[in-house]
There are 2 protein chains.
Amino acid sequence: MPRNKEEIRKRLQWAALELFRERGYEETTAAEIAANTGVTERTFFRHFPDKREVLFDGEAAFCQALTAAVRDAPEALGPLDTLFVAFNSVKQMFVENRPFTEPRQQVIASNPALQERAAAKTRSLIAAVASALCERGLTPPQASLAAQLGMATLSHGVAAWFNHGSVDLGEHIARAFQEARNLSSSSIPLAKGKPKNPRHPGAGGRAKI
Amino acid sequence: MPRNKEEIRKRLQWAALELFRERGYEETTAAEIAANTGVTERTFFRHFPDKREVLFDGEAAFCQALTAAVRDAPEALGPLDTLFVAFNSVKQMFVENRPFTEPRQQVIASNPALQERAAAKTRSLIAAVASALCERGLTPPQASLAAQLGMATLSHGVAAWFNHGSVDLGEHIARAFQEARNLSSSSIPLAKGKPKNPRHPGAGGRAKI
């Protein structure tokens with residue numbers, strides 16, 4: 001039997017992830033997760049309010065770290081540069097959690113209820129980031145827009161990192177921010193070698209990152 | 001009794017909106033909406049699969065018009081310029097629907113289940129826009145990022161238009177895209193007159209748009 005609460009919590013999460021992947025999310029009960037961890041169902045519910053939440057542990061800690069990093073970023077930075085610096089401050093959390101979050105993504109992608117929960121978590125994270133940006137002097141609409149753009153860009157970088165893990169996450173985040181800036185220009189790298197804008201020499205000629 | 005189906009559908013939507021605002025969304029039944037429209041509950045469910053959906057009619061038509069506009073935008077445009085042009089092509093739909101969509105926003109904001117549905121609709125709209133962008137030669141990740149950034153920017157413009165309707169929607173959309181670009185620079189207009197970056201002469205000195 002595991003001795004401390006933190007260890008039980010971690011073991012419940014891993015047991016849940018394993019069962020969800022083996023049998024499917026809907027087919028797995030909290031009691032089974034508890035049994036596979038060697039604890040009672042009651043213990044499961046002392047750690048997590050429901051079966052879904054076992055996959056989203058750590059979101060609160062991440063939100064706290066990220067909003068603190070937004071507040072602590074150098075004053076002179078503009079909104080998206082602030083987020084860029086903040087994301088880099090917390091990127092180690094992604095690196096440490098990757099063995100759990102990467103297979104977790106597949107479980108979430110396979111279930112609409114989990115997608116709903118993930119989307120709600122993202123919305124509340126965006127709201128928290130926007131609130132931290134307001135403290136830096138942005139209006140609420142500016143802060144909300146910046147938080148949405150920044151978080152979408154971060155997700156893009158993290159997704160690329162899941163696909164190409166040999167490159168450092170910090171590099172993927174930097175590329176994602178560069179890609180977001182490139183979207184405003186007409187000379188973005190094109191798939192399929194289809195030249196869209198022959199008047200811009202860069203069109204279609206840049207390496208796909 | 002209304003004669004044609006389209007008129008019944010519209011009347012059901014308006015009756016629903018009125019009842020949701022007066023009594024609350026949870027407290028209103030589909031049968032009451034039908035009764036207030038002078039039709040049977042069965043007729044309600046011939047038009048809408050559930051009570052929530054009565055608020056989201058028109059999303060499919062909007063999605064179709066927007067994705068067609070993305071496909072039809074001049075080839076030379078970059079991704080965000082494509083979306084800017086496409087949003088301007090369909091803006092008249094927002095203008096025509098404003099008497100319904102503006103009070104509808106308040107009903108949605110007051111109920112978590114409606115917020116979930118609205119968020120799911122937005123996600124599927126973003127996916128459709130991304131798919132249309134892929135047809136223009138973007139990779140799926142690029143297209144997804146562009147669609148997310150563009151739709152967040154559009155929402156920002158529409159929200160500003162709801163608050164300041166005396167200015168044309170097209171102007172609000174143009175300002176939103178300019179604001180999104182400004183977020184990448186450090187000289188954004190600041191709220192509260194709090195100068196964040198005294199070394200940049202533009203900081204805090206620009207008019208709030």
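Given the structure is predicted, the values throughout are model-derived calculations rather than measurements.

What counts, and at which threshold
Residues numbered from 1 in each chain as written. Chains lettered and ligands numbered in written order. Predicted model: local features only at pLDDT ≥ 70, side-chain atom pairs only at ≥ 80, totals over all residues. Axes fitted to C-alpha atoms, helices over the stretch in contact; angles between N-to-C directions. Helix = DSSP H or I, 4+ residues; strand = E, 2+ residues; numbered from the N terminus. Parallel < 35°, antiparallel > 145°, perpendicular 65-115°, else oblique. Left-handed = near helix turned anticlockwise from the far one by under 90°. Contact = placed C-beta atoms within 7 Å. Nonpolar A, V, L, I, M, F, W, Y, C, P; charged D, E, K, R; others polar. Expected span 1.5 Å × (residues − 1). Buried ≥ 20, exposed ≤ 12 C-beta atoms within 10 Å, placed from the backbone. pLDDT = per-residue confidence, 0-100. Core = buried A, V, L, I, M, F, W, Y, C linked by C-beta atoms within 7 Å. Domains from an automatic or database assignment. Arc of directions from axis to C-beta.

### Brief notes about the packing of helix H6 (residues 112-134) of chain A against helix H7 (residues 140-163) of chain A
Residue and element names in this part refer to chain A.
- Following both chains from N to C, one finds H6 and H7 inclined at 130°, their axes separated by 8 Å at the closest point. When the interaxial angle is binned, H6 and H7 end up oblique. As H6 packs across H7, the resulting crossing turns out to be right-handed. On the side of H6, the interface is formed by Thr-122, Leu-125, Ile-126, Val-129, Ala-130, Leu-133 and Cys-134, while H7 contributes Pro-140, Ala-143, Ser-144, Ala-146, Ala-147, Gln-148 and Met-151.
- Residues that form the contact of H6 with H7 fall into these classes: 11 nonpolar, 3 polar and no charged.

### Concerning helix H1 (residues 5-23) of chain A
Residues and elements named next belong to chain A.
- Between its first and last C-alpha, H1 extends 26 Å over 19 residues, near the 27 Å set by a 1.5 Å rise per residue.
- Among all positions in H1, only Ile-8, Leu-12, Gln-13, Ala-15, Ala-16, Leu-17 and Phe-20 are buried.
- Buried residues belonging to H1 abut helix H2 (30-37), helix H3 (41-47) and helix H5 (79-109).
- Gly-24 sits one or two positions beyond H1 and adopts a positive phi of about 100°.

### Quick notes on the confidence of the model for chain A
- Here chain A averages 87 in pLDDT, while 87% of its residues score no lower than 70.
- pLDDT under 50 marks residues 187-209 of chain A. Its contacts with residues more than four places away, or in other chains, come to 38 contacts.

### What about the nonpolar core?
- Among the nonpolar cores identified, the biggest contains 62 residues, and Ala146(A) and Ala146(B) are the most heavily contacted of them.
- Among residues more than four places away in sequence, those in contact with Ala146(A) are Pro79(A), Leu80(A), Leu83(A), Leu133(A), Leu138(A) and Leu183(B).
- Listed in part, the 14 residues of the second largest apolar core include Ile8(A), Leu12(A), Val54(A) and Ile108(A).

### Here's the deal with the domain arrangement of chain A
Residues and elements named next belong to chain A.
- Here the domain parsing of chain A yields domain 1 (5-53) and domain 2 (58-193).
- On a C-alpha basis, the centroid separation for the pair domain 1 and domain 2 is 28 Å.
- Domain 1 puts 6 residues into the contact, and the matching count from domain 2 is 8 residues.

### Details of H2(A)
Residues and elements named next belong to chain A.
- Of the residues making up H2, those classed as buried are Ile-33, Ala-34 and Thr-37. Taken down its axis, H2 places every buried residue within 100° of arc, on the same side.
- In this fold, the buried residues of H2 make contact with H1 and H3.
- With its phi angle positive at about 80°, Gly-38 sits one or two positions after the end of H2.

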